[in-house]
Amino acid sequence: MKYQELAKEALKAREHAYAPYSGFAVGAALLTRSGKTYWGCNIENAAFTPSNCAERTAFFEAVKLGERDFAAIAVAGGKQEEVLPLRRCTPCGVCLQVMLEFCDPDELDVILVRDEMEYEVHKLRELVPFGFGKKNLSE
Ligand code: THU
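Keep in mind that what you see is a predicted model, and the values were worked out from it rather than measured. (Residues numbered from 1 in each chain as written. Predicted model: local features only at pLDDT ≥ 70, side-chain atom pairs only at ≥ 80, totals over all residues. Heavy atoms only, no water.)

Q: Looking at this model, I keep getting lost on a nonpolar patch on the surface. Mind explaining?
A: Together, Tyr18, Tyr21, Ile43 and Phe48 make up a nonpolar patch on the protein surface, roughly 440 Å² of accessible area in all. Considering the arrangement of structural elements, one finds Tyr18 in the loop between α1 (3–14) and β1 (24–32). Classification of Tyr18 as partly exposed rests on a relative accessible area of 44%. (Patch = residues over 30% accessible without salt bridge, like charges linked within 9 Å, V, L, I, M, F, W, Y side chains within 5 Å. Areas by Shrake-Rupley, 256 points an atom, 1.4 Å probe, with all protein chains shown as cover. Salt bridge = Lys/Arg side-chain N within 4 Å of Asp/Glu carboxyl O. Helix = DSSP H or I, 4+ residues; strand = E, 2+ residues; numbered from the N terminus. Buried < 20%, exposed > 50% of the residue type's maximum accessible area, 1.4 Å probe, protein only.)

Q: I tried to follow unusual backbone geometry on my own but got confused; where do I start?
A: Glycine aside, negative phi is the norm for most residues, and most peptide bonds take the trans geometry. Residue Pro85 follows Leu84 across a cis peptide bond; omega there is 0°. One can find Pro85 in the loop between β3 (70–79) and α3 (93–102).

Q: What's the story with the pattern of salt bridges in this structure? I'm lost.
A: Two side chains carrying opposite charge are able to pair once their charged atoms lie near each other. Enumeration according to the criterion identifies 9 salt bridges in this entry. Here Arg87 and Glu82 are joined by a salt bridge, their closest N and O atoms 3.9 Å apart. Look at Arg87 and you get exposed, because its relative accessible area is 57%. The salt bridge partner of Glu118 is Arg114, with a shortest N-O separation of 3.1 Å. Residue Glu118 is classed as partly exposed on the basis of its relative accessible area, which comes to 35%. When salt bridges with common partners are traced through the structure, they connect Arg33, Asp69 and Glu107 into a single cluster.

Any functional reading would require information that these geometric values do not contain.
As structure tokens, this is what we get:
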């Protein structure tokens, strides 16, 4: 799948964001190595801490269905009223940690979407160069 299509899916996922407290809407589209996509949006809560980010919503949906092998995740986020192109939205530390659990940081592409045709591609390693993962526990 082209990253342009994945970017489009992230923008579409963003329309489902439930963000009445921050007013910041985020969508994510996760691509498996086998070519399937799973999407997620942020889902906030009046008690704040139960809120979930778009990236984790996508990951948990995919992992729940047995997926373990991921190629890329596209993220599109910005203020609800923001018009395209968005400013780039980088995943939070908690989401990066979830990505590290399931993905090789030198393999996973993290796509920061501004618009369907406008996005940056980074390896997870660039966003979290010294992350803690399973390897640390077994070394
Ligand atoms: N958020 C995400 O869903 N993903 C990100 O990459 C950054 C932040 C959400 C969390 C919260 O609902 C809102 O955006 C403002 O932080």
